[in-house]
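Given next are the chains, with one letter for each unit.
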Amino acid sequence: MKVLVIGGGAREHALCRSLSLDPDVTALHCAPGNAGIAEVAELHAVDALDGAAVAELAASLRADLVVVGPEAPLVAGVADAVRERGIPAFGPSAQAAQLEGSKAFAKDVMAAAGVPTARAYVCTTPAEIDEALDAFGAPYVVKDDGLAAGKGVVVTSDLAVAREHALACERVVIEEFLDGPEVSLFAITDGETVLPLSPAQDFKRALDGDEGPNTGGMGAYSPLPWADPKLVDEVMETVLRPTVDELRRRGTPFSGLLYAGLAITSRGVRVIEFNARFGDPETQVVLARLKTPLASVLLNASTGNLAAEPPLRWSDGAAVTVVIASHNYPGTPRTGDVIEGLPEAPEAGAAEKGAQKAYVLHAGTARGADGRVVSAGGRVLSVTATGADLATARGRAYELVSRIRLDGSHHRTDIAAKAASS
């Protein structure tokens, strides 16, 4: 199978790494990719938002499957353009991707499907904003209705900050605050069959102790030793299947990766948000534990044959990923700094068996003129490790983090700490 992955972050590096270990994958391509992905896939320069260009590249490569990683190309209809050329694409249509592209659309789908979620108001005027903020009170949850690269949500007890963010959005969703821990649960679906993956938890705030501004995610771990063993079954019955069924009923079937961001509240499971693609950095830890070869699962989802897929197999151990971010992230990041201390590419035997216990997945990186790897974005690296338990995986991840040098960089030191000690 020839596979083309679209995107250039750590999520796509995790996908490419898993696909490169799949014996069914005979050729692996990525566009545009990054310095790390170049070690496992052939890179191509293409605008990931240009559906016609992506489809043309896929056709020229004679790709058997195209995997669209980021949300913006999905909302822009890139998967549709690929399918129009007769090539299977893993990723929802532009219409179905509005589940992530519009918070208001997602709320409407959840209401129709009876999916438990926070009460919310969709606001377009200052008067509506003030009324909604007053109705819910602090802490305020304010969400830009459109895509915002993981930074469109503000949760604050400061009314002025909440109002300022709301007024800066063309259309905004203001909702009640949900208490309790958050969980990310991914499911692969072909529009009918729904196949859940292993739950993960990510860390959105920039600083230890969940302090600082929201980010795209500073780390993650899986599995969740504190979670109810019945959690996945409950979410399948109350959230994932009803949502997939509702979208199919509307004539916009969802095929691809459905990501449910959940709050385990005192009143039960509630949906915080939906995403229409693999999450970053949760993908890094979920795929690290997946033993089932990935390519056939994604292809079966893309061709309506997911019901034929046997149950997924998982390792008994744990995985932890720690994000190394560039200076000033999540503000305007500094780029072009040399990254030192990166581990050598693994020996072929270890890579083929997927036996690395700690490795680096590149996010915002590039090759400098002198061939050295330099920072090229806000989140630069996802240092990922596996182990028999969370404490072991966490220790391995942070040991590798300690060997990497990037001037001005920062990372959280408490990823999975509480779960590993429980």
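Above this text you will find the structure in question.
Bear in mind the structure is a predicted one, so any value in this text is a computation, not a measurement.

1. Here's the deal with the packing of aromatic side chains
Then, number 1: Under the definition given, this model contains five aromatic pairs.
Then, number 2: When the ring of phenylalanine 90 is compared with that of phenylalanine 278, the centres are 6.1 Å apart and the planes differ by 35°; the resulting orientation is tilted. Within this pair, whereas phenylalanine 90 is found in strand 5 (residues 89–90), its partner phenylalanine 278 is found in the loop between strand 17 (268–275) and helix 10 (282–289), the two being separated by 188 residues in sequence.
Then, number 3: Cluster of aromatic residues (ring-pair linked, three or more members): Phe90, Phe186, Tyr259 and Phe278.
Then, number 4: The side chain of arginine 17 reaches across the aromatic face of tyrosine 359, ending 3.7 Å from its centre.

2. Regarding helix 8 (residues 159–168)
Then, number 1: Of the positions making up helix 8, those classed as buried are Ala162, His165 and Ala166. The arc enclosing the buried residues of helix 8, seen along the axis, measures out at 100°, which places them on a common side. Exposed residues on helix 8 whose side chains face more than 90 degrees from its buried face are Ala160, Glu164 and Ala168.
Then, number 2: Those residues of helix 8 that are buried are in contact with helix 7 (126–136), strand 7 (140–144), strand 8 (153–156) and strand 9 (172–175).
Then, number 3: Where helix 8 starts, the residue carrying a side-chain oxygen 2.9 Å from the main-chain nitrogen of alanine 160 turns out to be aspartate 158.

3. Examining the packing of helix 1 (residues 10–20) against helix 10
Then, number 1: Two numbers describe how helix 1 lies on helix 10: the axes approach to 8 Å, and their chain directions differ by 15°. The orientation of helix 1 relative to helix 10 falls into the category roughly parallel. Our pair here, helix 1 against helix 10, has a crossing hand that is left-handed. Residue-level contacts link Ala10, Arg11, Ala14, Leu15 and Ser18 of helix 1 to Thr283, Gln284 and Leu287 of helix 10.
Then, number 2: Among the residues forming the contact of helix 1 with helix 10, the class breakdown is four nonpolar, three polar and one charged.

4. Notes on helix 10
Given 3.6 residues per turn, any residue in an α-helix points the same way as the ones three and four places further on.
Then, number 1: Across the eight residues of helix 10, seven count as buried, placing the element largely inside the fold.
Then, number 2: Glu282, Thr283, Gln284, Val285, Val286, Leu287 and Arg289 are the residues of helix 10 that are buried.

5. Thoughts on the sheet that holds strand 8
Then, number 1: Pairing is antiparallel in the open sheet, where four strands are placed in the order 6-9-7-8. With partners counted over all chains shown, the strands left at the sheet margins are strand 6 (120–123) and strand 8, one partner each. Put simply, the sheet's adjacent strands are angled 20° from each other on average, direction ignored.
Then, number 2: Relative to strand 9, strand 6 runs antiparallel, the two sharing four bridges. The partner of valine 122 across the bridge, within strand 9, is valine 173.
Then, number 3: Contacts from helix 6 (residues 103–113) reach strand 6, strand 7 and strand 9 within the one sheet, and its direction differs from that of strand 9 by about 50°.

6. Side note on the side chain of serine 222
Then, number 1: Its place among the elements puts serine 222 in strand 15 (residues 219–222).
Then, number 2: In this structure serine 222 comes out as buried when scored by relative accessible area, which is 0%.
Then, number 3: Within the structure, serine 222 has its side chain in polar contact with the side chain of serine 198 (distance 3.5 Å).
Then, number 4: Polar side-chain contacts of serine 222 include one of 2.8 Å to the backbone oxygen of proline 199.

7. Comments concerning the pairing of strand 17
Then, number 1: Counting buried positions over the eight residues of strand 17 gives seven, a clear majority of the element.
Then, number 2: As judged from the seven bridges shared by strand 16 (residues 256–265) and strand 17, these two strands associate in the antiparallel manner. If you follow alanine 260 over to strand 17, its bridge partner there is phenylalanine 274.
Then, number 3: As consecutive antiparallel partners, strand 16 and strand 17 are separated by two residues.

8. A look at empty space enclosed by the protein
Then, number 1: Enumeration according to the criterion identifies three cavities of 30 Å³ or more in this entry.
Then, number 2: Taken as a whole, the largest cavity holds about 60 Å³ of empty space.
Then, number 3: Among the secondary structure elements, those contributing two or more residues to the lining of the largest cavity are helix 6, strand 9 and strand 17.
Then, number 4: It is helix 6 that provides the largest number of residues to the lining of the largest cavity, a total of four residues.
Then, number 5: Across the lining of the largest cavity, the residue classes tally to five nonpolar, no polar and five charged.

So, how was this worked out
Residues numbered from 1 in each chain as written. Predicted model: local features only at pLDDT ≥ 70, side-chain atom pairs only at ≥ 80, totals over all residues. Heavy atoms only, no water. Phe/Tyr/Trp six-rings, centres within 6.5 Å; stacked < 30°, edge-to-face > 60°. Helix = DSSP H or I, 4+ residues; strand = E, 2+ residues; numbered from the N terminus. Lys NZ or Arg CZ within 6 Å of the ring centre and 35° of its normal. Buried < 20%, exposed > 50% of the residue type's maximum accessible area, 1.4 Å probe, protein only. Arc of directions from axis to C-beta. Contact = heavy atoms within 4.5 Å. Polar contact = N/O pair within 3.5 Å; in protein donor to acceptor, adjacent residues only side chain to side chain. Axes fitted to C-alpha atoms, helices over the stretch in contact; angles between N-to-C directions. Parallel < 35°, antiparallel > 145°, perpendicular 65-115°, else oblique. Left-handed = near helix turned anticlockwise from the far one by under 90°. Nonpolar A, V, L, I, M, F, W, Y, C, P; charged D, E, K, R; others polar. Pairing = 2+ DSSP bridges. 1 Å grid on protein atoms, 1.4 Å probe; cavity = no way out; pocket = protein on both sides within 12 Å on 5 of 7 lines; lining within 4 Å. Points joined across faces, edges and corners; volume = space filled by probe spheres on them.

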